[in-house]
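Residue-level structure breakdown
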Amino acid sequence: MAVNPQAMRSLLKVYFIMGSTNCCQNPENVLQAAIKGGITLFQFREKGAGCLHGKEKESLAKKLQAICKQSNIPFIVNDDIELAVKINADGVHIGQDDEAADVVRRKIGSKILGVSVHSMQEAETAIRQGADYIGIGPIYPTSTKADAKAVQGLTFLTELRSADIQIPVVGIGGITSENASPLIEAGADGVSVISAISQADSPEKAAAKLYDSVNRIMRNA
Ligand code: 3NM
């Protein structure tokens, strides 16, 4: 763990994830609008049919990173540790098919490390190997990730918190401002979304609505 857990929890509130294939508008404009709306963390996830590679990918990453920097939003890179280190991103997010978290931790030093987990055992391993936060999903049905696992609802999150696992947790998969509340009530520190913001007519309004729905529950907790 490299980041103070309390600081990590605040960053996870509205965690926007996006790559060029998720947007119907210019990705830079989408990110700028999402930041205006109140996102707290950003992940560059350049995946799927028609995604950018090599220099083009790096060039978009740098443009989006510069936008995040202007507003002090930490910039996380999905999977691509080499790119994250090369451009000095603020962190990386990895899944179970990537290198082990302890290997990645050694490569990235004190940058933020997020790990996707789907079981108690994976969660415990990620914690032991130095994750700053874990991502769990899909909470609800999603069409954004073709190889998403079975929908898990709030079952796993509830199990984690009942076992007194205190690591910062973010949920992902099919989350919108309408269905975010139960996730926060069940113990998540925030929501990760792609399409709820990237495909919205107004990414700014969509981000603001998500922020309100998360914050409303946290204030009452
Ligand atoms: N990971 P949307 S679901 C990137 O379950 C990703 O680990 C998932 O997109 C997981 O907010 C998912 O549009 C897609 O549903 C999230």
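Anything mentioned here points back to the structure above.
First, a word on what this report is: a plain description of the structure on this page. (Residues numbered from 1 in each chain as written. Predicted model: local features only at pLDDT ≥ 70, side-chain atom pairs only at ≥ 80, totals over all residues. Heavy atoms only, no water.)

Our next topic: the pattern of salt bridges. Summed over the entire model, instances satisfying the criterion amount to 11 salt bridges. The partner of Arg-9 in a salt bridge is Asp-189, and the shortest N-O contact between them spans 3.5 Å. Of the two residues, Arg-9 is situated in helix α1 (residues 5–11) and Asp-189 in the loop between α8 (181–185) and β8 (190–193); the sequence distance between them amounts to 180 residues. Judged by relative accessible area, Arg-9 falls into the buried class, the value being 18%. Overall, Asp-189 belongs to the buried group, its relative accessible area being 10%. Where Asp-80 meets Lys-57, a salt bridge forms, and the shortest distance between an N and an O atom there is 2.9 Å. Of the two residues, Asp-80 is situated in the loop between β3 (75–78) and α4 (81–86) and Lys-57 in helix α3 (residues 54–70); the sequence distance between them amounts to 23 residues. (Salt bridge = Lys/Arg side-chain N within 4 Å of Asp/Glu carboxyl O. Helix = DSSP H or I, 4+ residues; strand = E, 2+ residues; numbered from the N terminus. Buried < 20%, exposed > 50% of the residue type's maximum accessible area, 1.4 Å probe, protein only.)

Turning our attention to helix α6 (residues 120–128). In an α-helix, one turn spans 3.6 residues, which is why side chains three or four residues apart end up on the same side. Of the residues making up α6, those classed as buried are Met-120, Ala-123 and Ala-126. With its buried residues spanning 125° around the axis, α6 presents them on a single face. α6 presents Gln-121 and Arg-128 as exposed residues on the side facing more than 90 degrees away from its buried surface. Of the residues one or two after α6, Gly-130 is the one with positive phi, at around 105°. (Arc of directions from axis to C-beta.)

Residues in close proximity to the ligand include Arg-45, Gly-137, Pro-138, Thr-142, Thr-144, Lys-145, Ile-172, Gly-173, Gly-174, Val-193, Ile-194 and Ser-195, which together make up its full environment. One of the side-chain N or O atoms of Thr-142 is found 2.6 Å from an oxygen atom in the ligand. Surface burial for the ligand is 94%, taken as the share of its 430 Å² of free accessible area covered by protein chains. Tallied by class, residues from the shell around the ligand come to four nonpolar, six polar and two charged. (Near = heavy atom within 4 Å. Polar contact = N/O pair within 3.5 Å; in protein donor to acceptor, adjacent residues only side chain to side chain. Areas by Shrake-Rupley, 256 points an atom, 1.4 Å probe, with all protein chains shown as cover. Nonpolar A, V, L, I, M, F, W, Y, C, P; charged D, E, K, R; others polar.)

This brings us to the nonpolar core. Residues Phe-16, Leu-31, Ile-39, Phe-42, Phe-75 and Ile-197 are the most contacted members of the largest nonpolar core, which totals 60 residues. Sequence-distant contacts of Phe-16, that is, excluding residues within four places in its chain, are made with Val-30, Leu-31, Ala-34, Ile-39, Leu-41, Phe-42, Gln-43, Val-193, Ile-194, Ile-197 and Ser-198. Among the nonpolar cores identified, the runner-up in size contains 12 residues, and Met-8, Tyr-15, Ile-112 and Ile-194 belong to it. (Core = buried A, V, L, I, M, F, W, Y, C linked by side-chain atoms within 4.5 Å. Contact = heavy atoms within 4.5 Å.)

Throughout the structure, instances matching the rule amount to four aromatic pairs. Note on Tyr-15 and Tyr-133: the rings are 5.8 Å apart at their centroids and 80° apart in plane angle, and the pair reads as edge-to-face. Here Tyr-15, found in strand β1 (residues 14–18), pairs with Tyr-133, found in strand β6 (residues 133–136); they are 118 residues apart in sequence, far enough to count as distant. For Tyr-15, a relative accessible area of 1% translates into the label buried. Since its relative accessible area comes to 0%, Tyr-133 is described here as buried. Members of the aromatic cluster, each reached through a chain of ring pairs, are Phe-16, Phe-42, Phe-44 and Phe-75. (Phe/Tyr/Trp six-rings, centres within 6.5 Å; stacked < 30°, edge-to-face > 60°.)

Side chains Leu-41 and Gln-43 project from strand β2 (residues 41–44) onto one buried face, and the interleaved Phe-42 and Phe-44 project onto a second face that is buried too. Pairing analysis gives four bridges linking β1 to β2, with the strands arranged parallel. Looking at β2, one finds that Tyr-15 is bridged to Leu-41. At this point the chain moves from β1, through helix α2 (residues 27–37), to the parallel β2, and the crossover so formed is right-handed. (Pairing = 2+ DSSP bridges. Right-handed = clockwise from strand over helix to strand, strands pointing away.)

With that out of the way, let us pick up α2. Inspection of α2 places Pro-27, Val-30, Leu-31, Ala-33, Ala-34, Ile-35 and Gly-37 among the buried residues, and these make up the whole buried set. Check the buried side of α2 and you find it contacts β1, β2, α3, α9 (195–198) and α10 (203–220). Of the residues that open α2, the one with a side-chain oxygen 2.7 Å from the backbone nitrogen of Glu-28 is Asn-26. Among the residues trailing α2, Gly-38 stands out with phi positive, at a value near 115°.

Time to look at the environment of Thr-155. Along the chain, Thr-155 falls in helix α7 (residues 155–162). Overall, the relative accessible area of 58% leaves Thr-155 in the exposed class. C-alpha separation for the pair Thr-155 and Ile-136, spaced 19 residues apart in sequence, amounts to 11 Å.

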